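Each chain is listed here by its residues.
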Amino acid sequence: MRDAPGEAERREWQELADRIEQARTRYYVKDAPTLSDAEYDELFARLVALEQRFPQLQTGDSPTQTVGGVNSEMFDPVRHPARMLSLDNVFDLDELQAWAARIERDLKALPPLLCEVKIDGLAVDLVYRDGRLESLATRGDGVTGEDVTGNARFVSAIPDRLRPEPGGPTIPQLLEVRGEVYFPVDQFNALNNEMLALGRSPFANPRNAGAGTLRQRVDRRQAELSRARAAGSTAERIARLEADLRRAVGSLGRLRLIVHGIGVADGFSPLTQSAAYAGFASWGLPTGSHYRVCRDLSEVEQYVAEFDRERHSLEFDIDGVVVKVDELALQDRLGSTSRAPRWAIAFKYPPEVVRTRLLDIRVSVGRTGRVTPYAVMESVRVSGTKVDRATLHNAGEVKRKGLLIGDIVFLRKAGEIIPEVIGPVVEERTGPEREFVMPTHCPSCGTELAPEHADDADIRCPNARRCPAQLVERLLHVGSRGAMDVEGLGIKAAQALLDDGIVRDEGDVFSLRAEELARSEFFTRKVASADSGVAAETRVLNETTVRLLDQTDRARERPLWRVLVALSIRHVGPTAARALAGRFASMEGICRASVGELSDIAGVGPVIAVAVVEWCGVDWHRSVVERWAQAGVRMSEDRPEGPGTLAGLTVVVTGTLPGYTRDSAKEALIGQGAKVAGSVSRRTDFVFAGDNPGSKLDRASELGVSVLGPDGFAVLLESGPEAARELVR
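First, a word on what this report is: a plain description of the structure on this page. All figures in this text were calculated on a predicted structure; none of them were measured in a lab.

The rules behind the values
- Throughout, a residue's number is its position along its own chain's written sequence, starting from 1.
- Since the coordinates come from a predicted model, pLDDT governs what is reported: local features require at least 70, and pairs of side-chain atoms require 80 or more to be given and counted, while whole-chain, interface and lining totals use all residues.
- Only hydrogens and water are set aside; all other atoms, that is, all heavy atoms of the structure, feed into the side-chain values.
- In this description a helix means any DSSP run of H or I spanning at least four residues, a strand means any run of E spanning at least two, and both kinds are numbered starting from the N terminus.
- For each residue, the accessible area found with a 1.4 Å probe, counting protein chains only, is set against the maximum for its type, and the residue is called buried under 20%, exposed over 50%, and partly exposed in between.
- Residue contacts are counted whenever heavy atoms from the two residues lie within 4.5 Å of one another.
- Here the accessible surface of atoms and residues is derived via Shrake-Rupley with a 1.4 Å probe, and residues count as covered only by protein chains that are part of the display.
- A residue counts toward a patch only above 30% relative accessible area and without a salt bridge, and it is joined to like-charged neighbours within 9 Å or, for Val, Leu, Ile, Met, Phe, Trp and Tyr, to nonpolar neighbours within 5 Å.
- Within this document, salt bridges are pairs made up of a side-chain nitrogen of Lys or Arg and a carboxyl oxygen of Asp or Glu, the two lying within 4 Å of each other.
- Any two strands between which DSSP finds at least two bridges are classified as paired.
- When two cysteine sulfur atoms lie within 2.5 Å, the pair is treated as a disulfide.
- Note on geometry: axes are C-alpha line fits, over the in-contact stretch for helices, and angles between N-to-C directions span 0 to 180 degrees.
- We call two N or O atoms a polar contact when they sit within 3.5 Å, provided that within protein one can donate a hydrogen and the other can accept it, with sequence-adjacent residues counted only if both atoms are side-chain atoms.
- With respect to orientation, any angle under 35 degrees is reported as roughly parallel, any angle over 145 as roughly antiparallel, any angle of 65 to 115 as roughly perpendicular, and every other angle as oblique.
- Note: crossing handedness is left-handed where the near helix turns anticlockwise from the far helix by less than a right angle, and right-handed where it turns clockwise.
- We call Asp, Glu, Lys and Arg charged. Ala, Val, Leu, Ile, Met, Phe, Trp, Tyr, Cys and Pro are nonpolar, and the rest, Gly among them, are polar.

## Things to note about the overall build of the protein chain
In terms of helices and strands, the protein chain carries 26 helices and 23 strands. Residue burial in the protein chain is summarised as follows: out of 729 residues, 50% are buried. Considering only contacts in the protein chain between residues 6 or more positions apart, those separated by 24 or more positions represent 66%. Here the protein chain displays about 34300 Å² of accessible surface, and carbon together with sulfur accounts for 48% of that area.

## Section: helix α9 (residues 273-282)
Burial analysis of α9 places seven of its 10 residues in the buried class, which makes it a mostly covered element. Where α9 is concerned, the buried positions are Q273, S274, A276, Y277, G279, F280 and S282. Considering only its buried residues, α9 is in contact with β3 (113-119), β7 (174-182), β8 (256-265), β9 (292-294), β10 (318-325) and α11 (328-334).

## Quick notes on a nonpolar patch on the surface
On the surface, a cluster of nonpolar side chains totalling about 170 Å² of accessible area is made up of V595, V610 and V613. The residue V595 is located in helix α20 (residues 595-599) in this model.

## With respect to the pairing of β10
The buried fraction of β10 is high, at eight of eight residues. Looking at chain direction, β10 and strand β11 (residues 344-348) are connected through five bridges and run antiparallel. Directly across from G320, in β11, lies its bridge partner K348.

## What about the state of the cysteines?
All chains considered together, the criterion is met by one disulfide. Between the sulfur atoms of C591 and its disulfide partner C616 the distance amounts to 2.2 Å. Between C591 and C616, the S-S torsion sits near -65°, and that sign places the bridge as left-handed. Placement of the pair is C591 in helix α19 (residues 587-592) and C616 in helix α21 (residues 605-616), with a sequence separation of 25 residues. According to the relative accessible area criterion, C616 is buried, its value standing at 7%. With no disulfide of its own, C445 has C461 as its nearest cysteine by sulfur position, at a separation of 3.5 Å. Residue C445 is classed as partly exposed on the basis of its relative accessible area, which comes to 27%.

## Considering the sheet that holds strand β2 (residues 89-90)
Across the sheet, which stays open at both edges, the five strands sit in the order β2-β11-β10-β3-β9 with mixed pairing between neighbours. The two strands at the open ends of the sheet, each matched to only one other strand, are β2 and β9. Strands β3, β9 and β10 of the sheet are contacted by α9, whose axis makes an angle of about 55° with β3.

## Some thoughts on the sheet that holds strand β22 (residues 686-689)
Taking strand neighbours across the sheet as the criterion, the four strands line up as β21-β20-β22-β23 in an open arrangement whose pairing is parallel. Both outer strands of the open sheet, β21 (675-676) and β23 (706-708), are each paired with one neighbouring strand and no more. Bridge analysis of β22 against β23 gives three bridges, and the strand direction is parallel. Paired with F688 across the two strands is L708, which belongs to β23. Sheet strands touched by helix α25 (residues 710-719): β22 and β23. Its angle to β22, the strand with the most contacts, is close to 130°.

## With respect to the environment of R556
Inspection of the secondary structure assignment puts R556 in the loop between α16 (543-555) and α17 (560-566). With 78 residues separating them along the chain, R556 and R634 place their C-alpha atoms 6.1 Å apart. For R556, the residues in contact, after removing those within four places along its chain, are F510, A631, G632, V633 and R634. A polar side-chain atom of R556 sits 2.9 Å from a polar atom in the side chain of D553.

## As for the packing of helix α13 (residues 468-479) against helix α14 (residues 491-499)
It is at 9 Å that the axes of α13 and α14 come closest, and there the two elements cross at 125°. Judged by the inter-axis angle, α13 sits oblique to α14. Handedness of the crossing formed by α13 with α14: right-handed. When α13 is examined against α14, the residues L471, V472, L475 and L476 are found in contact with a partner set consisting of I491, A494, Q495 and L498. Partitioning the contact of α13 with α14 into residue classes produces seven nonpolar, one polar and no charged.

Below you can see the structure in the form of structure tokens.
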């Protein structure tokens, strides 16, 4: 019998799960990843290994059981006709051979395998009805994606209508295909040059460029231009809006698409994946030219080696090869896990490694005071981009890697996202290299640095209230998409607000006034004016500032959980914030709660509970909350505190319920006092089973737990548990 996990293992599992979910949000929602593919894969592998060792830790909400990706609030949600899964990864030939051996064992023989390059782009789902494009959506969480159909007409690579070839297969009445939207390498480089010329930040890689471009709100730009024309705005403003619209449409026109999968097809029944591709091509859908059907594993390995050599000669960036069982009937027979098909695998290429010189090691200060060293290097080109900075995490990591300032170092751009210093080339040392010494005082405010706890690897600046670096980072965080989502509150705006004395700290953000901003050069622009016949110049708010004020006003109505995230409470991310808001329904209730009360909430636990209590105990933190409340920021949910009609019930949600996201379903239950658990046990009162319910439904049947469908969910919320029990399956 396997050992039960202890507190250390449970804590490790939670930390890994939180980091993976945060990385998914940065990658899929913000198009601004903070982890490389290799680092993400390492975290994921650690989580898999931990769950294999302690199966009790695995829940249906574990990242190992769900498809990566969530939806932002920018676009309407659209449900995929068939679920979009992710892919499991292998990183060397031994792992590839092990995957092939499992296929051979299950099928009694290894069937022909289709190999295709793995394009580093944005996964999309296209639905055609009667040959016409009905929807274009991002993958999202695999069940529901973002509806970006409005932008499809600007992407020439996406056919608006399918056209059959004479003698070819008939176009299905309903056809759902999956593909990858990407930027060709040359178009990506041209786009980044234009971004730099406009004074904007370049995209990190083609994947983020493609994602950011496809997820533009062109319709809003068009509407803004129409309003400006109707209102008789200045020629300068109209010209600027026209140029912005042209850039958006032009960048969409540079995108390309390759179709590589099939979801639903009524009336189209190819025998193999490769035959499906031939059918797609006959209707005008773009398919890859590099796929190949291999007869055995040796041919697969040859394909993998070939494109490892040729990867930089392709028109698009790739990060590996996808291997699939070609016969569709065998794909169905092998099936899928909750997150990935068993009949396909992604072989990920190792990250590239180059050598460069470590010129210096400096430190940065984050919004919670953490002081992080980073490497400053001679600029070097790796994975198609120039790199001269890389994080070093903490002083212990610098020492562990044996780095000296002046070293020649090995640098890899792991996963082609985040550069990483692997270690020094010791043989290249000539004598003048020197050790890095972690500063004893904050480089931003001069306060003495110290670890928060004796065994903490990080050191922090304790001057949280006045440290300029922390103030800027916290202001920036308030405006981030994951917090209050205030467009216009970027790094330069945050710095200007502080430098010009417009705000003291984040507590003043929602009290911004136009007349205060008008005194700052950053937030204004010069316009010609005539006073008493004398030509003169005056300053008026620029368009970005007008948008900032509008967005700040809108942000006051954000839900309580976003307010909690925006306050920069240590360890409180979206998951914990939703749980806290759902349980207490007000900021006042949260700050009155004890560590014990907070710890009992699913998704919170003792570490976060202590952090919340400590944060609420600081007077200037309470001042921030008070100033936000006075400025009209919502500090409570629209439901009463105290026990609800479902108090005392433990429920589990599995699958997708119509009209609800996973989070909104949980919030609705928690709002009525129910405890929402991640796994089914004998203490579970109800299991709500929507579409694609997974193993939780089987577990409920084994234990005799009451199971309700979507109708029962609505009845429970509206009429209570007794009425719901009458609908139990």
